[in-house]
Amino acid sequence: MTRTIVLAVLLAVAAGKAGAEEATTLRAVSAFAEGTQFARNFERFVEKVNADGKGVIHINYIGGPRAMPPFEVGNAVRTRVVDMANVTGAFYTNLMPEADAGKLIGKPMSEQRRDGTWDTINQLHNQKLNAWYLARQFHNVPFHIYLNRKIDKLDFTGLKIRVTPVYKDIVEALGGAAITTAPGEVYTALERGVVDGYGWPVTGIFDLGWEKVTKFRVEPAFYSVEVGVLVNLDSWKGLSEAQRKILTDAAAWLEGLDADNIAVIKAEVERQSKAGIQPLDFGLAESKRFIALANDVAWQAVIKRAPEAGAKLRQLAGN
Ligand code: 173
C-alpha cells in the first residue's frame, strides 16, 4: 500500500469510530408510580435530557414501583444498581436519617442553591448515600392527613393511620397508631379497614383511586414535599463536563416546574370537594398548635438520629 492509501484507511477507521460513539446511558427508576403526580415531572425531565443530550447522554427510564420497591430505591442508587432515581428522602431514612429533614425546608430551590442549603444537603448525600443530589421538586406542596372517621378535635387516639417517616412522629404525638406502608398498599389497607386514614400530599390522591376510599381531609396542611433526583456519585464522577451540564441545566428547569404547583393544588382541592371529601378544620388556634407540634416532633426526631447534620439543617431551614 502506498502511504496515501494507508493514511486514507486510518482516517476512515477513526471517522467510523467517532461516528459509532454511543451516548453514555444512565439507568433510572422512580419510587412513585409511572405517570402519577410525583413521577410526572421527573418523566418530563428524562424526555428533556434525552432530547437536549442526543448523542451525548441518555437516560434509560426503567419505571416505577413495578420495577423496584419504593423503599429499596435509595439503596439501589447507593450501590449503583441504578444510576439515577426519583425518590423522596422519607424512603431512605434507614440509610440516612436526616434525609427526612427535606420536608422541613420549604424555601424555593433558587434560594436553597444561593444560601448553601442545597450544598449542605448535597454533601450529606455524597457522604451517606454515595449520591449526587441533582434536583429537588415540590418544595411548595404540603401534606395532609386524610381520614375515613370523623374527629371533633385534633386528636388521633384510637385511629390507625398509614404513614411513612414523613408523618410518623406527628401521628404518634396526637395519639394515633402509625402503620408504615408503601403508596401502592394504601388503597387496599383503606378498603379492608386495616387503617382509618393516611398521610399524603394535598395532590395526587386521584392517581391511585383513593378518593373512592377517603371521606375527610384534616386541616391544616403541613410540611413541604421533597422528591429528589439522585445520581450515584461514581456515575456522576464518570461523566464529562458536557454531560454534567446537560443534567444540571435540566435539573434547574425541573425545579422551575414547581411554579405550576399552585394551580395544581387549587385544582386538586376542588376536585376533592367534588368527590365528596370534606375538610375537617378546627380553626386558627388549633391549626397553629398542630403546625408547631408537627415541626417540633419532626426536628426532634431528625436531631436525635443525626445530631450534627440535623442541627445544621434546622439552622438553614430557619424554623
Ligand atoms: O406518603 C408517602 O408515601 C410519602 O412519604 C411521600 C413523600 C413525598 C411525596 C409523596 C409521598
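As the structure is a prediction and not an experimental result, all values here were calculated from the model.

(A) Representation of the overall build of the chain within the structure. When its secondary structure is counted, the chain shows twelve helices and eleven strands. Considering only C-alpha atoms, the chain reaches an extent of 95 × 40 × 30 Å along its principal axes. Counting only residues that meet the buried cut, the chain has 51% of its 319 residues in that class. Contacts spanning at least 24 positions in sequence make up 77% of the contacts within the chain whose residues lie at least 6 apart. Carbon and sulfur atoms make up 55% of the accessible area of the chain, which amounts to about 14,500 Å² in all.

(B) Structural view of the sheet that holds strand β1 (residues 24-30). Reading across from one edge, β2-β1-β3-β10-β4 is the order of the five strands in this open sheet, with mixed pairing throughout. Looking at the sheet topology across the chains shown, the edges are occupied by β2 (57-63) and β4 (131-137). For this sheet the average axis-to-axis angle between neighbouring strands, irrespective of direction, equals 25 degrees. Helix α9 (residues 241-256) contacts β1, β2, β3 (84-87), β4 and β10 (227-232) of the sheet and is inclined by roughly 30 degrees relative to β4.

(C) How the structure looks around the sheet that holds strand β5 (residues 143-147). In space, the six strands of this open sheet follow the order β7-β6-β8-β5-β9-β11, with mixed pairing throughout. Each edge of the sheet is formed by a strand with only one pairing partner; in this case those strands are β7 (177-180) and β11 (278-280). Across the sheet, the mean angle from the axis of one strand to that of its neighbour is 35 degrees, orientation sign disregarded. Bridge analysis of strand β6 (residues 160-163) against β7 gives four bridges, and the strand direction is parallel. If you follow isoleucine 161 over to β7, its bridge partner there is alanine 178.

(D) Here's a closer look at empty space enclosed by the protein. Going through the model one piece at a time under the given rule, you end up with three cavities of 30 Å³ or more. When its volume is computed, the largest cavity comes out at roughly 120 Å³. What lines the largest cavity is a set of 15 residues, and nearest its centre among them are Phe32, Thr88, Phe143, Tyr167 and Pro201. In terms of residue class, the lining of the largest cavity is made up of eleven nonpolar, two polar and two charged. Taken together, 14 residues make up the lining of the second largest cavity; nearest its centre are Glu98, Ala99, Gly102, Ile121 and His125. By residue number, the principal contributor to the lining of the second largest cavity is helix α5 (residues 117-129), which donates three residues. Of the residues assigned to the lining of the second largest cavity, the class counts are eight nonpolar, three polar and three charged.

(E) Structural view of the site of the ligand. Near the ligand there are 14 residues, and of these Arg162, Thr164, Val166, Tyr167 and Trp200 occur at the shortest range. A distance of 2.7 Å separates an oxygen atom of the ligand from a polar atom in the side chain of arginine 162. Surface burial for the ligand is 100%, taken as the share of its 300 Å² of free accessible area covered by protein chains. With respect to the pocket detection grid, the ligand is positioned in the largest cavity. Of all the elements, strand β8 (residues 197-201) adds the most residues to the shell around the ligand, at three residues. For the shell around the ligand, a count of residues per class yields ten nonpolar, three polar and one charged.

(F) Geometry of α5. With 13 residues, α5 should cover 18 Å at 1.5 Å per step; its first-to-last C-alpha distance of 17 Å lies within 8% of that length. The complete set of buried residues in α5 reads Thr117, Trp118, Thr120, Ile121, Asn122, Leu124, His125 and Leu129. Buried-residue contacts for α5 involve α3 (73-78), α4 (109-114), β4, β10 and α12 (307-317).

(G) Fine view of the side chain of aspartate 100. Among the secondary structure elements, aspartate 100 is positioned in the loop between β3 and α4. Look at aspartate 100 and you get buried, because its relative accessible area is 3%. When residues no more than four places from it in sequence are discounted, the contact partners of aspartate 100 are Gly89, Ala90, Thr93, Pro165 and Val166.

(H) Main features of the side chain of asparagine 232. Considering the arrangement of structural elements, one finds asparagine 232 in strand β10. What makes asparagine 232 buried here is its relative accessible area of 0%. Of note is the side chain of asparagine 232, whose polar atom sits 2.8 Å from the backbone oxygen of valine 77. For asparagine 232, the side chain forms a polar contact with the main-chain oxygen of arginine 78, separated by 3.5 Å.

What counts as what
Residues numbered from 1 in each chain as written. Predicted model: local features only at pLDDT ≥ 70, side-chain atom pairs only at ≥ 80, totals over all residues. Heavy atoms only, no water. Helix = DSSP H or I, 4+ residues; strand = E, 2+ residues; numbered from the N terminus. Buried < 20%, exposed > 50% of the residue type's maximum accessible area, 1.4 Å probe, protein only. Contact = heavy atoms within 4.5 Å. Areas by Shrake-Rupley, 256 points an atom, 1.4 Å probe, with all protein chains shown as cover. Pairing = 2+ DSSP bridges. Axes fitted to C-alpha atoms, helices over the stretch in contact; angles between N-to-C directions. 1 Å grid on protein atoms, 1.4 Å probe; cavity = no way out; pocket = protein on both sides within 12 Å on 5 of 7 lines; lining within 4 Å. Points joined across faces, edges and corners; volume = space filled by probe spheres on them. Nonpolar A, V, L, I, M, F, W, Y, C, P; charged D, E, K, R; others polar. Near = heavy atom within 4 Å. Polar contact = N/O pair within 3.5 Å; in protein donor to acceptor, adjacent residues only side chain to side chain. Sits in = over half its atoms within 2 Å of the grid points. Expected span 1.5 Å × (residues − 1).

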